Amino acid sequence: MKDKTSQLFSTLQCHLQPIGMEVGLFKVEWYNANVGPWFKFDLPKNTICAVIITAPRFFEKAFIPFVKNNFKDLELEKKGFIDKCVASHIEKIAGEFSAYKPLCMYDYQQLPDRRPKVLVQTAAHVSGIACYYQQKDLKPMEEIKKPYGVCIHPDYGGWFSIRSVIVFTELQDESLCYKAPVDCVPTFDLRLELLQKFNYNWKDNLWRDVVTVKERYSPIQKKFFDTLPKNRGSLLTEMLEC
């Protein structure tokens, strides 16, 4: 890892870790090798990218303070509370590296044809920050009806979210070494159980505990995410009054 890349990673971590956000680095080459042609980045293969996740503590460390400081503006829009909080932090730190012409992309953004702008689970996998389990990770004869894959973190299980990818379009580093993600769901049986729970009963959250976790969502955070987006404004009002 070159000095510029090392400094980039250290700065990102320094700013984001205290508020419950974590960073993994990857190269365009690794991402492009794992996505279809319509998702590939048209950039040099050694271009450096960062994937940003929110750990469970992000809710109390960053989101609640953000809401307290911006609730009047958020209340008018009635939605996108978490997205606006995430973007405010990411845009701020990305701005410190304007010389690298950063391109910030978020998990909810779509292309004109309604395809995702970036495949955040693939980005997380190739960065090594979380492991992406899919149909291909099962036994050859095992299939599920809805083969949606899911990322699992070695410390948080499924109790985290992949929020953003920043592409530093003017920073290249051939020396960045690939770091494979931790295979924290190592057996075929556990992987099948994970994908079945995620695809068929994702709302009960049992799939998130497929591994022993060190941290999970707090009760108030679970309540927030279980609430319909259109009703979250009134829930936040209650939270702030407590």
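Look up a bit, the structure's there.
For clarity, every value in this text was computed on a predicted model and none was experimentally measured. (Residues numbered from 1 in each chain as written. Predicted model: local features only at pLDDT ≥ 70, side-chain atom pairs only at ≥ 80, totals over all residues. Heavy atoms only, no water.)

Chemist: Looking at this model, I keep getting lost on the overall build of the protein. Mind explaining?
Modeler: The secondary structure content of the protein amounts to 8 helices and 6 strands. Along the chain direction, N to C, the helices and strands of the protein fall in the order α-β-α-β-α-α-β-α-β-β-β-α-α-α. For a compact globule of 242 residues, the expected C-alpha radius of gyration is about 18 Å, and the protein comes in at 18 Å, within 12% of that figure. For the protein, the C-alpha atoms occupy an extent of roughly 50 × 50 × 40 Å along the three principal directions. Evaluated residue by residue, the protein yields a buried proportion of 49% over its 242 residues. Expressed as a percentage of contacts within the protein between residues at least 6 apart in sequence, the contacts between residues at least 24 apart total 74%. When the accessible surface of the protein is split by element, carbon and sulfur atoms take 52% of a total near 12,900 Å². Of note, the protein has its 33 positive side-chain charges centred 2 Å away from the centre of its 29 negative side-chain charges. (Helix = DSSP H or I, 4+ residues; strand = E, 2+ residues; numbered from the N terminus. Rg over C-alpha atoms; globule rule 2.2 N^0.38 Å. Buried < 20%, exposed > 50% of the residue type's maximum accessible area, 1.4 Å probe, protein only. Contact = heavy atoms within 4.5 Å. Areas by Shrake-Rupley, 256 points an atom, 1.4 Å probe, with all protein chains shown as cover. Lys, Arg positive; Asp, Glu negative; His and termini not counted. Charge placed at Lys NZ, Arg CZ, Asp CG, Glu CD.)

Chemist: Would you explain helix 4 (residues 81-95) in this entry?
Modeler: Each turn of an α-helix holds 3.6 residues, which means side chains three or four residues apart point in the same direction. The terminal C-alpha atoms of helix 4, which comprises 15 residues, lie 21 Å apart, in line with the 21 Å expected from a rise of 1.5 Å per residue. Of all the residues in helix 4, the buried ones are F81, I82, C85, V86, A87, I90, I93 and A94. (Expected span 1.5 Å × (residues − 1).)

Chemist: Got a minute to help me understand helix 8 (residues 232-241) in this structure?
Modeler: Within the sequence span of helix 8, burial applies to R232, G233, L235, L236 and M239. For helix 8, the arc enclosing every buried residue in end-on projection is 160 degrees, short of the 170-degree limit, so these residues lie on one face. (Arc of directions from axis to C-beta.)

Chemist: Please clarify how the sheet that holds strand 2 (residues 47-54) should be interpreted in this entry.
Modeler: Paired through their backbone hydrogen bonds, the strands of a sheet run either parallel or antiparallel. Sheet architecture is open: 4 strands sit in the order 1-2-6-3, paired in antiparallel fashion. Because the sheet does not close on itself, it has two edges, and the strands there are strand 1 (21-27) and strand 3 (102-106). Along the sheet, successive strands turn relative to each other by an average axial angle of 20 degrees, direction set aside. Where strand 2 lies against strand 6 (residues 161-172), 8 bridges are found, and the strand directions are antiparallel. By the bridge assignment, T47 is partnered in strand 6 with Q172. Helix 1 (residues 3-16) contacts strand 1, strand 2 and strand 6 of the sheet and is inclined by roughly 160 degrees relative to strand 1. (Pairing = 2+ DSSP bridges. Axes fitted to C-alpha atoms, helices over the stretch in contact; angles between N-to-C directions.)

Chemist: It is not clear to me how the nonpolar core should be interpreted in this structure. Could you clarify?
Modeler: Taken as a class, soluble globular proteins show a tendency for nonpolar side chains to be buried jointly. Ranked by internal contacts, the top residues of the largest apolar core, which has 63 residues, are F26, F63, V165 and F168. Top contributing element to this core by residue count: helix 4, with 8 residues. Beyond its immediate sequence surroundings of up to four residues, F63 is in contact with F58, F81, I82, C85, F224 and L236. Ranked by size, the runner-up nonpolar core spans 17 residues in total, among them I152, C184, V185 and L192. (Core = buried A, V, L, I, M, F, W, Y, C linked by side-chain atoms within 4.5 Å.)

Chemist: How do you make sense of the pattern of salt bridges when you look at a structure like this?
Modeler: Between side chains of opposite charge, a pair can form when the charged atoms approach closely. Counted according to the given criterion, the structure contains 8 salt bridges. One salt bridge connects R57 with E215, and the closest N-O pair in it is separated by 3.0 Å. Here R57 is found in the loop between strand 2 and helix 3 (58-77), whereas its partner E215 is found in the loop between helix 6 (188-201) and helix 7 (219-226), with 158 residues between them in sequence. A residue is classified by how much of its surface remains accessible, and R57, at 24% relative accessible area, is partly exposed. Judged by its relative accessible area of 21%, E215 falls in the partly exposed class. (Salt bridge = Lys/Arg side-chain N within 4 Å of Asp/Glu carboxyl O.)

Chemist: Looking at this structure, how should I read the side chain of H153?
Modeler: Mapped onto the elements, H153 comes out in the loop between strand 5 (150-152) and strand 6. Of the residues examined, H153 reaches a relative accessible area of 5% and is grouped as buried. A distance of 3.3 Å separates the side chain of H153 from the backbone nitrogen of Y156, its partner in a polar contact. In this structure, H153 is in contact with E22, I53, I129, A130, F160, C184 and V211, ignoring residues within four places of it in sequence. (Polar contact = N/O pair within 3.5 Å; in protein donor to acceptor, adjacent residues only side chain to side chain.)

Chemist: Even after reading the chapter, I still don't get the packing of helix 7 against helix 8, so can you show me in this structure?
Modeler: Helix packing for two helices is described by the angle between their axes and how far apart those axes are. One can describe the packing of helix 7 onto helix 8 by two numbers: an axis separation of 9 Å at closest approach and a directional angle of 160 degrees. On the basis of the axis angle, helix 7 is roughly antiparallel to helix 8. For the element pair helix 7 and helix 8, the recorded crossing hand is right-handed. Across from I220, K223, F224 and F225 in helix 7, the residues of helix 8 making contact are R232, L235, L236, E238 and M239. (Parallel < 35°, antiparallel > 145°, perpendicular 65-115°, else oblique. Left-handed = near helix turned anticlockwise from the far one by under 90°.)

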